[in-house]
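# Analysis of the macromolecular model
Below, each chain spelled out in residue letters.
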Amino acid sequence: MSIETLIGLPWFKKSLKPDPIEFSESESEIESESVKCKVQMNAFDIISMSSGLNLSGIFEEKIVRKERRFTTSASAAEVERRVAEVGERLGFRTKRMKDKENWNMEVVGLVKGRVVVVAKVLEVAVELLLVEMTVVAGGSGGDGGGFSDVEWEELTVGFQDIVVSWHC
Amino acid sequence: MSQCLEGVKHLCASLLRCCDLELQKQSQGLDDPAILASETVFSVSEIEALYELFKKISGAVNDDGLINKEKFQLALFKTNKKESLFADRVFDLFDTKHNGILGFEEFARALSVFHPNAPIDDKIKFSFQLYDLKQQGFIERQEVKQMVVATLAESGMNLSDDVIESIIDKTFEEADTKHDGKIDQEEWTNLVLQHPSLLKNMTLHYLKYLIFPCFTFIFSYNISNRMCYI
């Protein structure tokens with residue numbers, strides 16, 4: 001068996017997939033009002049978003065977009081509703097999850113097969129929320145997962161009217 | 001005759017002691033992975049795999065066997081045209097010899113801190129040093145503002161100065177428990193323990209999978225890693 005063949009085998013590919021799941025499933029109902037959904041960003045939260053601090057690029061052959069962010073003046077509840085709507089339209093299942101690294105804040109997960117996208121809503125300033133969508137697993141964007149431009153386009157187009165601006 | 005030879009030997013020895021020797025030593029092959037392995041969280045095999053990655057990065061642009069800032073930027077951003085305050089800080093922290101280049105040892109020791117199993121104290125210390133732009137042993141408000149502004153500029157997010165000041169006010173209110181206008185290492189540690197997500201950039205999950213056949217194939221044989229799903 002050649003190396004190329006080995007790499008192509010499904011069980012081999014599967015065995016390579018790690019699972020650094022920082023999100024655990026939440027038991028609460030999808031419909032419940034979630035005021036806890038937004039967490040205030042401090043200066044270092046903002047600084048951590050810088051791409052210069054993300055060293056995973058050295059392991060990747062090309063830039064993989066695993067995350068997209070936008071600011072909005074919509075309310076957290078509206079954002080959540082929109083995420084669920086867009087997700088459903090694209091065939092995702094909505095799942096409430098908890099972000100273990102952020103005080104177990106509630107985040108909205110979109111699940112479709114092995115693809116999981118998590119939407120986090122953070123408060124930058126009064127009436128300005130930052131919505132961070134991260135591809136946590138799967139996606140055909142590149143070697144390390146993440147979404148391709150087309151997949152991002154599909155997802156993000158549904159938010160266009162509530163977006164103040166998009167950010168990397 | 002013998003005096004002459006002695007003289008020549010002496011001269012050669014002095015010349016060798018000149019600047020290049022250090023550089024040469026730095027760019028030599030992997031001498032003893034076991035030593036590095038014992039001083040980092042990596043196993044010998046992981047050190048060897050990391051060395052393949054190092055060779056790949058240091059081989060871009062030229063092959064002096066070292067990583068300069070340009071090659072580092074290239075590895076990180078896939079372009080050497082992107083200036084980044086933070087990438088510069090990271091490079092400077094990796095460069096413990098302060099000679100503007102990274103040898104394999106510096107590369108491996110620094111990346112060891114980013115391993116998922118590295119002690120959290122190391123990560124806290126590294127991140128503190130990262131943000132302590134002027135290296136004064138504390139993070140000043142002005143440094144925080146500089147970093148926030150740099151990040152916002154990079155991401156294209158437009159916040160008014162008032163909003164930025166208010167965010168920094170709130171951050172210092174929470175972090176600066178000694179109320180001296182600066183964040184020292186102890187205050188930083190407390191802040192990070194309250195907000196673990198602030199350390200997310202300090203862990204690279206890829207480092208756990210260095211010795212998966214996939215990676216060593218990529219680095220040594222340049223096979224496309226399209227099949228590697230991480």
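Residues numbered from 1 in each chain as written. Chains lettered and ligands numbered in written order. Predicted model: local features only at pLDDT ≥ 70, side-chain atom pairs only at ≥ 80, totals over all residues. Heavy atoms only, no water.

Per an unreviewed UniProt entry, chain B goes by Calcineurin B-like protein and derives from Centaurea solstitialis. Quoted straight from UniProt, the Function (unreviewed entry) entry for chain B says "Acts as a calcium sensor. CBL proteins interact with CIPK serine-threonine protein kinases. Binding of a CBL protein to the regulatory NAF domain of a CIPK protein lead to the activation of the kinase in a calcium-dependent manner." Quoted straight from UniProt, the Subunit (unreviewed entry) entry for chain B says "Homodimer. Interacts with CIPK." (UniProt positions renumbered as here; feature names shortened; annotations may be inferred.)

As annotated in an unreviewed UniProt entry, chain A carries the name NAF domain-containing protein and comes from Centaurea solstitialis.

## Structural notes on the UniProt feature "domain: EF-hand" (unreviewed entry) in chain B
Residue and element names in this part refer to chain B. The feature "domain: EF-hand" (unreviewed entry), as annotated in UniProt, sits at residues 82–117, 119–154 and 163–198 in this numbering. The span residues 82–117 carries 53% helix and 6% strand; its end-to-end C-alpha distance comes to 31 Å. Annotated as residues 119–154, this span is 72% helix and 8% strand, and its ends, taken at the C-alpha atoms, are 31 Å apart. (Helix = DSSP H or I, 4+ residues; strand = E, 2+ residues; numbered from the N terminus.)

## What about helix H4 (residues 76–89) of chain A?
For H4(A), spanning 14 residues, the distance from its first C-alpha to its last is 20 Å, which sits close to the expected 20 Å at 1.5 Å a residue. Of all the residues in H4(A), the buried ones are Ala76(A), Val79(A), Glu80(A), Arg82(A), Val83(A), Ala84(A), Val86(A) and Gly87(A). (Expected span 1.5 Å × (residues − 1). Buried < 20%, exposed > 50% of the residue type's maximum accessible area, 1.4 Å probe, protein only.)

## Here's the deal with helix H10 (residues 161–175) of chain B
Residue and element names in this part refer to chain B. Taking 1.5 Å as the rise per residue, H10 with 15 residues should run 21 Å; its terminal C-alpha atoms sit 21 Å apart, in good agreement. All of the buried residues along H10 are Ile164, Ile167, Ile168, Thr171, Phe172 and Ala175. Within H10, the buried residues cover an arc of 130° as seen down the axis, which keeps them to one side. Across H10 from its buried face, at more than 90 degrees, point the exposed residues Asp162 and Glu173. (Arc of directions from axis to C-beta.)

## Section: unusual backbone geometry
Backbone geometry places Glu127(A), a non-glycine residue, at a positive phi of 65°. Looking at the secondary structure, you find Glu127(A) in the loop between strand E6 (115–125) and strand E7 (128–137). Look at His98(B): it is not a glycine, yet its phi comes out positive at around 55°. Positionally, His98(B) belongs in the loop between helix H6 (85–94) and strand E2 (101–102). What makes His98(B) exposed here is its relative accessible area of 65%.

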